[in-house]
Amino acid sequence: GLEVEVPCSAEAYAEAPEDRRGSRENSMFVPCTPVPGALTVNAGDQIQILTNGLFRSCVHRVANPDPSDATARLSLVLFTGPRPDARLAPLAALGPPKWAPTTSGDHVRAKIAAAAAE
């Protein structure tokens, strides 16, 4: 199922099994229980920038269900975004900008470069 990373206390982090610990210190993954008949949409970084943080991009992962679980999971993964030369900046109506203007392509290239440097 879908799991999201949430902040937690240092004590909870220390007691969490290693496979539940998040990618950041003092964070852990918790199940995101699906609502029957609902559609789950993960808004990514570019939506976070456009909405000036109103919709937040979250660290998430999809864990394989327990083999004994008889329920099926249907996943349809689609990554989409604007043209690489599209301007990417917070919408003016949403207050003072929290991010500097860039382009979609420059944003993606910066994310790839940062991941490669880790």
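Here the structure is shown first, and the text comes after it.
This report concerns the structure included in the present document.

Analysis parameters
- Residues numbered from 1 in each chain as written.
- Predicted model: local features only at pLDDT ≥ 70, side-chain atom pairs only at ≥ 80, totals over all residues.
- Heavy atoms only, no water.
- Helix = DSSP H or I, 4+ residues; strand = E, 2+ residues; numbered from the N terminus.
- Buried < 20%, exposed > 50% of the residue type's maximum accessible area, 1.4 Å probe, protein only.
- Polar contact = N/O pair within 3.5 Å; in protein donor to acceptor, adjacent residues only side chain to side chain.
- Patch = residues over 30% accessible without salt bridge, like charges linked within 9 Å, V, L, I, M, F, W, Y side chains within 5 Å.
- Areas by Shrake-Rupley, 256 points an atom, 1.4 Å probe, with all protein chains shown as cover.
- Salt bridge = Lys/Arg side-chain N within 4 Å of Asp/Glu carboxyl O.
- 1 Å grid on protein atoms, 1.4 Å probe; cavity = no way out; pocket = protein on both sides within 12 Å on 5 of 7 lines; lining within 4 Å.
- Points joined across faces, edges and corners; volume = space filled by probe spheres on them.
- Nonpolar A, V, L, I, M, F, W, Y, C, P; charged D, E, K, R; others polar.
- Expected span 1.5 Å × (residues − 1).
- Arc of directions from axis to C-beta.
- Contact = heavy atoms within 4.5 Å.

**A word on the side chain of Thr51**
- Within the secondary structure, Thr51 is located in the loop between helix H2 (45-50) and strand E3 (60-62).
- Owing to a relative accessible area of 11%, Thr51 belongs among the buried residues under this scheme.
- One polar contact links the side chain of Thr51 to the main-chain carbonyl oxygen of Gln48, over a distance of 3.4 Å.

**Structural notes on a nonpolar patch on the surface**
- Together, Ile47, Leu54, Phe55, Leu91 and Leu94 make up a nonpolar patch on the protein surface, roughly 480 Å² of accessible area in all.
- Residue position: Leu94 is located in the loop between strand E4 (87-88) and strand E5 (102-103).

**Focus: unusual backbone geometry**
- Its identity as a non-glycine residue notwithstanding, Asn26 has a phi of 60°, on the positive side.
- For Asn26, the location among the structural elements is in the loop between helix H1 (10-15) and strand E2 (27-31).
- Overall, Asn26 belongs to the partly exposed group, its relative accessible area being 30%.
- The phi dihedral of Asn52 falls on the positive side, at around 55°, and the residue is not glycine.
- Topologically, Asn52 is positioned in the loop between H2 and E3.

**As for the layout of surface pockets**
- What the second largest pocket holds in volume is close to 250 Å³.
- For the second largest pocket, the lining is made up of 13 residues, of which Glu5, Pro7, Arg24, Arg56 and Cys58 are closest to its centre.
- Among the elements that line the lining of the second largest pocket, the one with the most residues is strand E1 (residues 2-7), at 4 residues.
- Of the residues in the lining of the second largest pocket, the class split is 5 nonpolar, 4 polar and 4 charged.

**With respect to helix H3 (residues 104-117)**
- Across its 14 residues, H3 extends 20 Å between first and last C-alpha, which sits within 8% of the 20 Å expected from 1.5 Å per residue.
- Looking only at H3, the buried set comprises Ser104, Gly105 and His107. The arc that holds the buried residues of H3, viewed along the axis, is 165°, so those residues lie on one side. Residues of H3 that are exposed and point more than 90 degrees away from the buried face comprise Arg109, Ala116 and Ala117.
- Considering only its buried residues, H3 is in contact with H2, E4 and E5.

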